[in-house]
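# Fold and contact review
The chain contents come next:
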Amino acid sequence: MKKTLSIVVVLMLFLGILSACSGQNNTTASSKKASSKDASSKPVTITWAVFKDPTPAAQKIVDEFEKKNPNIKVNMQVLPAGSDAIHTSLVTALGAADDSIDVVSMDIIWPPEFGSANWVLPLNKYVSKDEFKDVLKGPVEGVTYKNNIYAIPWYADAELLFYRNDLVPTPPKTWDELLSQAQANQGKNGTQYGMEFTGKQFEGLITTYMGLLWGNGGDVLKGNKVIVNSKKSVETLQYLVDLARKYKLTPDGVTNHDTEDARRLFTEGKSVFLINWPYVWATTTAPDSQVAGKVGMAPFPKGPEGTAEAATLGGWNLGISKFSKHPDAAWKFIQFATSKEAQKINAIEAARVPTIKSLFTDKDVLQKNPNFTQLLPVFLAAKPRTVTPYYSAISQKMQIHIHNALLGTETPQAALDNAAKEIDQVVNK
Amino acid sequence: MRKNKTMSESTLAWYFVLPALIVILVVAVYPILRTIYLSLFSMQLQFAGDSKFIGLHNYWFLLRDSRFWKSVENTLFFLVTSVFLELVFGILIAILINRPFKFRGVMRATVLIPWAVPTVVAAMMWKFIYDDQLGVLNDIFVKLGIFHHYKAFLGNPTGAMWSMIVADVWKTTPFMALLLLAGLQVIPKEIYESSSIDGANKFQQFFRITLPLLKPTILVALLFRSLDAFRVFDLPWVLTGGTTETISIYAYKTLFTDLNFGLGSAISFLVFIFVMLISLFYIKVLGAKR
């Protein structure tokens, strides 16, 4: 009797500690709920989960918003550095139904995944597709899945081809031109390599491959059918592998070069061509750059089977967490942060590429970013990577096998056959 | 009343350990059971509602999965090679810093520095050292005339594996040396004195006295290091991100990139089994010699 009594006491003590912790949560949650009911009169605080912005842009957008909406305070919750780390962090929080985040920042490849998981709200009741008339097509496709809009484009990014315009007066339009220009100029004006790209086993390898693949008229999925081992795809991978292994245009270490490794090599003036993201532009004009004034930008060249030039779309988008206690206040913030006014702040303060087309001709924006004129054609051609909730898994299977092809441990055909088999298991199981 | 008091001697002990037991149940046993449970399902986190019970299918899939076996092979090769090298260097360093010499205290502290550096930081540092464009290792080799050109150490699977092993040996040999030093210090000096009177030379002393008496310490050190090496994540993650995929990296990517929690849990549980087998092996060896 006494024994059971003591066990009960110990258990109660233990549970008491637990409930004390959760009790605190409950009270804050309920007070939040109360305040959201009459959001118009009582001040509300919403939390925006966003990466650490090294520029003043994000803070300035928040300040402007708070000035216009004195009843809503925006609290920025800083996410870790790098897209993969942010994904892990958001998945952990949202997967556990954490209600501390209201506005979720998403890389262009996540809206279908987060939407299918019911982690972010469909925004159809706030916005219709007609309102995206002035918005770039790629980002709109990326945030829409099965007729639901899961996020609003905040700013765009696109992988593209950088070239040395002191060596190459007009950028290559086709793969053959790219190959011959790289071969002809390798070694000139201090260059050691004809070509550089991000060949490490990571997402950057896939963005490079996809840009070339679309330029050759190929794709990864057609509906639910896996077409990543089609003739066009194999041809694309063969081309990429040949640049590195047959023509030896890239450094040997390209198979372990990430975005910054590749960027550094190009700004040091060691390569004629580079496939990378627009942020490279600012570094080429920095004081320590060896290539200031010698850099041009263009979409990826076309392959033999391709009809149009392509580029791989990146960029960030804002959505509302399903677990948010203040979805309406969150929407108000998203509406402002993705507006022309806020995108202009982003373009001027942080050189982030707007998703609103008319900003590409805005005088103030162009004065600060004259290169945007060169970027518009690239962004008009930019496509989102396969829009599916399984994107991350699909990409990972491709990373492994495409990387193997670059290492020479699998032939392009075998690599893509294996990738196709594994992707099929993911998509059609 | 009195009878009750004697009974409570042992029950009281139970009450004392009960909080600890509950904590272990909550933070260790529950997650393991939950992982085993999840591993029997087909579960994608983004479609958590569609989870299906599929029995042992995830394990059956892994048995036939070449990527899984490749990651096991990478992990075991890394484990055996790095732990062996660490043991050899660890013994040498331990013997060295066990001898009385000037600045021995400073020396002992200095040897520990690599071990004090967080693994991720050390891995970043080694990534710069191995860099194929600016790396200091290439610079040294070219200046010494060993290479004509800079080499891409991390650019191929073999190079990446050995780069990883070298970095790990640098990082954890001090830990090995420290443990072994503790073992050396309990060996009585008299044994060495009497053996040298008997005419034993240094090699005989090492193989006949030091090594046998050090054996229990070596086994403990090997156990610690093997378990650590089996779970290696930071080094391959920072150095190559996947060229030398280890089992931990496979599990991490399956769980947090693919969001395939069923299969990811199965891999995690197999890691648990492997770790248990390694522990059992050493404990058996340790126990037999005692």
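Residues numbered from 1 in each chain as written. Chains lettered and ligands numbered in written order. Predicted model: local features only at pLDDT ≥ 70, side-chain atom pairs only at ≥ 80, totals over all residues. Heavy atoms only, no water.

### Points about a nonpolar patch on the surface
Residues and elements named next belong to chain B. Threshold: Note on patches: the residues involved have over 30% relative accessible area and no salt bridge, like charges join within 9 Å, and the nonpolar side chains Val, Leu, Ile, Met, Phe, Trp and Tyr join within 5 Å. All accessible-area figures derive from a Shrake-Rupley calculation using a 1.4 Å probe, and residue coverage is judged against the displayed protein chains alone. A side-chain nitrogen of Lys or Arg and a carboxyl oxygen of Asp or Glu constitute a salt bridge if their distance falls within 4 Å. Here a strand is any run of E in DSSP of at least two residues, a helix any run of H or I of at least four, and the numbering for each starts at the N terminus. Exposure categories follow from relative accessible area, calculated using a 1.4 Å probe and restricted to protein chains: below 20% of the type maximum is buried, above 50% is exposed, and the middle band is partly exposed.
The grouping of Val23, Ile24, Leu25, Val26, Val27, Val29 and Leu33 at the surface amounts to a nonpolar patch, some 600 Å² of accessible area in total. With respect to the secondary-structure elements, Val29 resides in helix α1 (residues 2-38). Judged by its relative accessible area of 32%, Val29 is partly exposed.

### A short note on the packing of aromatic side chains
Residue and element names in this part refer to chain B. Let me state the cut-off plainly: Pairing of aromatic side chains requires ring centres within 6.5 Å, counting the rings of Phe and Tyr and the six-membered ring of Trp. Pairs whose planes differ by under 30 degrees are stacked, by over 60 edge-to-face, and all others tilted.
Within the structure shown, the criterion is met by 38 aromatic pairs over all chains. With a centroid separation of 5.1 Å and an interplanar angle of 35°, the aromatic rings of Trp115 and Phe175 are classed as tilted. With Trp115 in helix α5 (residues 113-116) and Phe175 in helix α8 (residues 157-185), the pair connects residues that are 60 residues apart, well separated along the chain. Residue class for Trp115 comes out partly exposed when judged on its relative accessible area of 37%. The buried category is assigned to Phe175, whose relative accessible area is 17%. Centre to centre, the rings of Tyr130 and Phe153 are 6.0 Å apart; their planes meet at 55°, and the pair counts as tilted.

### Concerning the nonpolar core
A general tendency of soluble globular proteins is for nonpolar side chains to be buried together. For the record, the criterion: Nine residue types can take part in a nonpolar core, namely buried Ala, Val, Leu, Ile, Met, Phe, Trp, Tyr and Cys, and a core is a set of them joined through side-chain atoms within 4.5 Å. Contacts: residue pairs with any heavy atoms within 4.5 Å of one another.
Counting 138 residues, the largest nonpolar core has Trp48, Leu90, Phe114, Trp154, Phe333 and Met398 of chain A as its most contacted members. Apart from the residues within four sequence positions on either side, Trp48 of chain A is in contact with Ala58, Val62, Val74, Asn75, Met76, Gln77, Val103, Ser105, Trp154, Leu318 and Phe333 of chain A. Counting residues in hydrophobic clusters, the runner-up holds 54 residues, among them Val83, Phe153, Ala266 and Val275 of chain B.

### A look at the interface of chain B and chain A
Selection criterion: Simply put, the buried area is the total loss of 1.4 Å probe accessible area from both parts when two parts are fitted together.
Taken together, the contact pairs 34 residues of chain B with 41 residues of chain A. A buried area of about 3,100 Å², summed over both sides, lies between chain B and chain A, and 55% of it is on carbon and sulfur atoms. Considering only the surface of chain B that becomes buried against chain A, Tyr15, Gln46 and Gln133 of chain B emerge as the three largest contributors, covering 18% of it. The interface formed by chain B and chain A holds 3 salt bridges in total. If you list the elements that add at least two residues to the side of chain B that touches chain A, you get α1, α11 (234-239) and α12 (247-257) of chain B.

### Regarding the confidence of the model for chain A
Spelled out, the test is: Per-residue confidence from the predictor is reported as pLDDT, a score between 0 and 100.
Confidence in the prediction for chain A averages 89 pLDDT; 90% of positions are at 70 or higher. The model gives residues 9-39 of chain A a pLDDT under 50, and that stretch makes 14 contacts with residues more than four places away or in other chains.

### As for the environment of Gln425 of chain A
With respect to the helices and strands, the residue Gln425 of chain A is situated in helix α16 (residues 412-427). Each C-alpha atom of the pair Gln425 of chain A and Ile394 of chain A lies 9.9 Å from the other, and the pair is 31 residues apart in sequence.

### Looking at unusual backbone geometry
All names here are of chain A. A positive phi angle is found at Asn118, which is not glycine, with a value near 65°. Within the secondary structure, Asn118 is located in the loop between α4 (111-116) and α5 (137-143). The exposure class of Asn118 is partly exposed, given its relative accessible area of 45%. Look at Asn189: it is not a glycine, yet its phi comes out positive at around 50°. By the secondary structure assignment, Asn189 is in the loop between α6 (175-185) and β7 (193-196).

### Focus on the pattern of salt bridges
Residue and element names in this part refer to chain A. In this structure the tally under the stated criterion is 26 salt bridges over all chains. Between Lys344 and Asp362 there is a salt bridge, with its nearest N and O atoms 3.4 Å apart. One end of the pair, Lys344, is in helix α12 (residues 340-350); the other, Asp362, is in the loop between α12 and α13 (363-368), with 18 residues separating them in the sequence. Since its relative accessible area comes to 22%, Lys344 is described here as partly exposed.

### Digging into the pairing of strand β2 (residues 72-79) of chain A
All names here are of chain A. Our working definition: Two strands qualify as a pair provided DSSP detects at least 2 bridges between them. Whether a crossover is right-handed comes down to one check: with the strands pointing away from the viewer, does the path from the first strand over the helix to the second run clockwise; if it does, it is right-handed.
Relative to β2, strand β1 (residues 44-51) is paired through 8 bridges, and the arrangement is parallel. The residue bridging Val50 from the neighbouring strand is Val78, located in β2. Remark: the β1/helix α2 (residues 57-68)/β2 crossover connection has right-handed handedness.

### Details of the packing of helix α8 (residues 231-246) of chain A against helix α15 (residues 391-407) of chain A
Residues and elements named next belong to chain A. We apply this condition: Note on geometry: axes are C-alpha line fits, over the in-contact stretch for helices, and angles between N-to-C directions span 0 to 180 degrees. Under this scheme an angle from 65 to 115 degrees is roughly perpendicular, one under 35 degrees roughly parallel, and one over 145 degrees roughly antiparallel; angles in between are oblique. Handedness of a crossing is defined here by the sense of rotation of the near helix relative to the far one, left-handed for an anticlockwise turn of less than a right angle and right-handed for a clockwise turn. In this classification, the charged set is Asp, Glu, Lys and Arg, the nonpolar set is Ala, Val, Leu, Ile, Met, Phe, Trp, Tyr, Cys and Pro, and all remaining amino acids, among them Gly, are polar.
For the pair α8 and α15, interaxial distance at closest approach is 9 Å and the crossing angle is 40°. Comparing their axes, α15 and α8 come out oblique. The hand of the α8/α15 crossing is right-handed. Listed contacts from α15 to Leu237, Leu240, Val241, Ala244 and Arg245 of α8 are Ile402, Ala405, Leu406 and Leu407. Grouping the amino acids of the contact of α8 with α15 by side-chain chemistry returns 8 nonpolar, no polar and 1 charged.

### Remarks on the side chain of Thr240 of chain B
Residue and element names in this part refer to chain B. Heads up, the rule is: Under the rule applied, a polar contact is a pair of N or O atoms within 3.5 Å (in protein, one hydrogen donor and one hydrogen acceptor; residues adjacent in sequence only if both atoms are side-chain atoms).
Position of Thr240 relative to the elements: it lies in the loop between α11 and α12. Classification of Thr240 as buried rests on a relative accessible area of 1%. From its side chain, Thr240 meets the backbone nitrogen of Thr243 in a polar contact 3.3 Å long.

### Some details on the packing of helix α7 (residues 203-214) of chain A against α8 of chain A
To describe two helices that pack against each other, one gives the angle between their axes and the distance between the axes. Residues and elements named next belong to chain A. Between α7 and α8, the least distance of the axes is 9 Å, while the angle of their chain directions is 125°. Comparing the axis directions of α7 and α8 gives the class oblique. Between α7 and α8 the crossing geometry is right-handed. Residues Thr208, Tyr209, Leu212 and Leu213 of α7 pack against Lys232, Ser233, Thr236, Leu237 and Leu240 of α8. Partitioning the contact of α7 with α8 into residue classes produces 5 nonpolar, 3 polar and 1 charged.

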